[in-house]
Amino acid sequence: MPKIPDEVVKRVIDRAKIEDVVGDFVTMRKAGVNLTGICPFHDDKHDGNFIVRPSSIPEARHGNTYRCFVCDHKGGPVQFLMEHQRLSFPDAIRWLGKKYNEPVDDIPLNYTPPPPRPKPAPLPVLEIPRSYVRRTMEIGGDQTLFIYWLKHLPWDDEQRARLQQTLWMYCVGGWKDGRVVFWQIDHNGIPRAAKLMKYLLDGHRDKQAHPGWIYNQDGCRQALDPDNHEIIKPLFGSHLLSSHPKAVVNIVESEKTAIIMANYYGDPDTQLWLACGGLKHLQLDSLQPLIDQGRTIWLWPDKDGREAWQEVADKLGYYHCRLYTHFFDTCWREEDGDKADVADIAIRMMKTGDKPRQAPEQAATAKSQEAVLPLGAALHLEPVEWNNDVPFMDLEEMNDPRLRLWRETLRQRYNFNKTRNNE
Ligand SMILES: [Zn+2]
């Protein structure tokens, strides 16, 4: 059998796109810069282990390849065909030649690519009326145990002065039985889900009570009809992205941590705190809006979550997303205990008066990217005058002039301090 000339092989391989080839056999969906689907090489139940790095990504960053993080099958278009369709190398080249209309040779290939898979009709995505947000925020006062606990933390004066504002920005609400409502509003400002959680007065979650979802609550289920909708769960705090376009995005596990850290540091124009809801809930597609916006993303896993989140960062393969462990590594003390998360450490530091040191690697990023303030930089903000009786408001009123004024004040103070620190 004559050998296929090298230049023909090269021409075919140059044209082959992994996303086309795999897409003929596996239903793929977008996940960050990658595509993902059910792995065809092992008995895969979970969509997310099998990753395709499309051909648009440079070769040096493993573009035009596939890989399964469970069974470790990997390679390019030719390897995929050889392994998945059990083709010989010349037949894989012929297959690709047929697909891309590149003449290879006259030897017939006794294989016909299957027709593309039919896609199931998608369900409409659940949109929750904004009036629901408002209603929960109206009962989000001291009768919500989480808010009551939060108000009684040893904040300094600046932090205390902005607490109401922080809660308001995150649309933290309450339920009639004392549970807190954490809204998951997407980056376009559309409420998609809300998690109801029971906290105890010591700030810990009531482990007896499972978190509930708003669309499963009495009176909501019928109106929202979750069974006939696709439910998406954006990162908690996603709605803040559009109003803070230059902020670095810090992602933590729990909503509680996001709120505490947001209020601890302030200045959302520089750094936003988003939560994924738990160690296992950091999903590639919930990070998509952040990648589309070209954000710098810092992942702040709890101590037991570092390995898992490093894996997510690897799968994501997005250059501006990395693990951030400096705060934990430099601020953790014996007395915090092994189970402490970053919020526990921040609360202990409020009590003891310790301040976080500036992180060197973050300072390095700040130099290379404009408008990135290193975490822990001293802002020296004076308390902002704010009427604590301000009622919680609906999202439509997020552009309230008082909020704009407050942001402007922060910005000016920050610029002022930056100038002063440079002198
Ligand atoms: Zn696999």
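Nothing here was measured: the structure is a model prediction, and the numbers come from that model.

A. Layout of the sheet that holds strand 3 (residues 50–53). Within the open sheet, the five strands sit side by side as 1-2-3-4-5. Their pairing is antiparallel. Across the chains shown, the open sheet's two edge strands, defined by having one partner strand only, are strand 1 (29–31) and strand 5 (74–75). The pairing of strand 3 with strand 4 (residues 65–68) spans four bridges and is antiparallel. Counterpart to Ile51 in the pairing with strand 4 is Arg67.

B. Molecular detail of the side chain of Thr36. Within the secondary structure, Thr36 is located in strand 2 (residues 34–37). Only 3.1 Å separates the side chain of Thr36 from the backbone oxygen of Phe50, close enough to count as a polar contact. If we ignore the near neighbours within four places in the chain, the residues touching Thr36 are Thr27, Met28, Arg29, Ala31, Asp47, Gly48, Asn49, Phe50 and Ile51.

C. Quick look at the pairing of strand 11 (residues 271–275). Of all five residues in strand 11, five are buried; the element is thus mostly enclosed. Burial along strand 11 is two-sided: Gln271, Trp273 and Ala275 facing one way and Leu272 and Leu274 facing the other are all buried. Of the strand pairs in this sheet, strand 10 (residues 248–252) and strand 11 are connected by five bridges, and their pairing is parallel. Paired with Val252 across the strands is Ala275, a residue of strand 11. On the question of chirality, the crossover connecting strand 10 to the parallel strand 11 by way of helix 9 (residues 255–265) is right-handed.

D. Region of interest: the sheet that holds strand 9 (residues 212–213). Spatially, the four strands line up as an open sheet ordered 6-7-8-9, and their pairing is antiparallel. Sheet topology places strand 6 (173–174) and strand 9 at the edges, where each strand pairs with a single neighbour. Bridge analysis of strand 6 against strand 7 (residues 180–185) gives two bridges, and the strand direction is antiparallel. The residue of strand 7 that forms the bridge with Gly174 is Val180.

E. Examining helix 1 (residues 6–15) more closely. Regarding helix 1, the residues found buried are Val8, Val9 and Val12. Each buried residue of helix 1 lies within a common arc of 100 degrees when the element is viewed along its axis, so the set occupies one face. The exposed residues of helix 1 that point more than 90 degrees off its buried face are Asp6, Glu7, Lys10 and Asp14. Of the surrounding elements, those touching the buried residues of helix 1 are helix 4 (89–99).

F. Looking closely at the coordination of the zinc ion. Around the zinc ion, the protein contributes the donor atoms Cys39 (SG), His42 (ND1), Cys68 (SG) and Cys71 (SG), at 2.0 to 2.3 Å from the metal centre. Metal-centred angles of 103 to 117 degrees between the four donor atoms at the zinc ion mark the site as tetrahedral. Between consecutive donors of the zinc ion, the numbers of intervening residues give the motif C-x2-H-x25-C-x2-C. Separated by 32 residues along the polypeptide, Cys39 in the loop between strand 2 and strand 3 and Cys71 in the loop between strand 4 and strand 5 bring together distant segments of the chain.

G. Spatial organisation of unusual backbone geometry. At Cys171, a residue that is not glycine, the phi angle is positive and equals roughly 60 degrees. On the secondary structure map, Cys171 appears in the loop between helix 7 (157–169) and strand 6. Positive phi outside glycine occurs at Asp225, with the angle close to 50 degrees. Examined against the element boundaries, Asp225 turns out to sit in the loop between helix 8 (221–224) and strand 10. Asp225 sits in the partly exposed class, given a relative accessible area of 29%.

H. Representation of the environment of Asp177 in the model. The topology assignment puts Asp177 in the loop between strand 6 and strand 7. Look at Asp177 and you get partly exposed, because its relative accessible area is 46%. At a separation of 2.9 Å, a polar atom in the side chain of Asp177 contacts the side chain of Arg179.

I. How the structure looks around the packing of aromatic side chains. By the definition in use, this model includes 20 aromatic pairs. An angle of 70 degrees between the planes, with centres 5.4 Å apart, marks the rings of Phe182 and Phe236 as edge-to-face. Of this pair, Phe182 sits in strand 7 while Phe236 is found in the loop between helix 8 and strand 10, placing the two residues 54 residues apart along the sequence. Accessibility classification places Phe182 together with Phe236 in one group, the buried group. Judged by centre distance (5.9 Å) and plane angle (0 degrees), the rings of Tyr265 and Trp273 are stacked. In terms of burial, Tyr265 and Trp273 fall into one category: buried. Each member of the aromatic cluster is reached from another via a ring pair, and the members are Tyr264, Tyr265, Trp273, Trp298, Trp300, Tyr324 and Phe327. Sitting over the ring of Tyr132, Arg135 keeps its end group 5.0 Å from the ring centre. A cation sits over an aromatic face here: Lys233 above Trp213, 3.8 Å from the ring centre.

J. Highlighting the pairing of strand 12 (residues 297–300). Both faces of strand 12 are covered, namely the face carrying Ile297 and Leu299 and the face carrying Trp298 and Trp300. Note that strand 10 and strand 12 share four bridges and pair parallel. Note that in strand 12 the partner of Ile251 across the bridge is Leu299. By the bridge criterion, three bridges tie strand 12 to strand 13 (residues 321–323) in an arrangement that is parallel. Bridge pairing in strand 13 links Trp298 to Arg322. The parallel pair strand 12 and strand 13, bridged by helix 11 (residues 306–316), forms a crossover whose chirality is right-handed.

Reading the values: rules and limits
- Sequence order as written defines residue numbering, which begins from 1 separately in each chain.
- Only residues with pLDDT of 70 or above have their local features reported here, since the model is predicted, and side-chain atom pairs are shown and tallied only from 80 upward, although totals for entire chains, interfaces and linings are computed over all residues.
- Derived side-chain values reflect all non-hydrogen atoms in the structure, with water molecules and hydrogen atoms excluded from consideration.
- Paired strands, as defined in this entry, are two strands with at least two bridges between them according to DSSP.
- Each helix is a run of H or I in the DSSP string that is no shorter than four residues. Each strand is a run of E no shorter than two, and both are numbered from the N terminus.
- We call two N or O atoms a polar contact when they sit within 3.5 Å, provided that within protein one can donate a hydrogen and the other can accept it, with sequence-adjacent residues counted only if both atoms are side-chain atoms.
- Contacts are assigned to residue pairs that have any heavy atoms within 4.5 Å of one another.
- Buried, partly exposed and exposed residues are distinguished by accessible area as a fraction of the type maximum, computed with a 1.4 Å probe on protein chains only: under 20%, between the cut-offs, and over 50%, respectively.
- Orient the strands so they point away from the viewer; a crossover is then right-handed if the path from the first strand over the helix to the second runs clockwise.
- When we speak of the arc, we mean the arc of directions from the helix axis to the C-beta atoms.
- With water excluded from the atoms, a metal site may look incomplete; its donors are any N, O or S atoms within 2.8 Å, or within 3.2 Å for Na, K and Ca.
- Think of it this way: with four donors and all angles in the 85 to 135 degree range, the site is tetrahedral; with four or six donors, opposite ones beyond 155 degrees and the rest between 65 and 115, it is square planar or octahedral; otherwise it is irregular.
- Ring pairs shown here join Phe, Tyr and Trp side chains whose ring centres sit within 6.5 Å, with only the six-membered ring taken for Trp; geometry is labelled stacked below 30 degrees between planes, edge-to-face above 60, and tilted in between.
- We count a charge as sitting over a ring when the NZ of a lysine or the CZ of an arginine lies within 6 Å of the ring centre and within 35 degrees of the ring normal.

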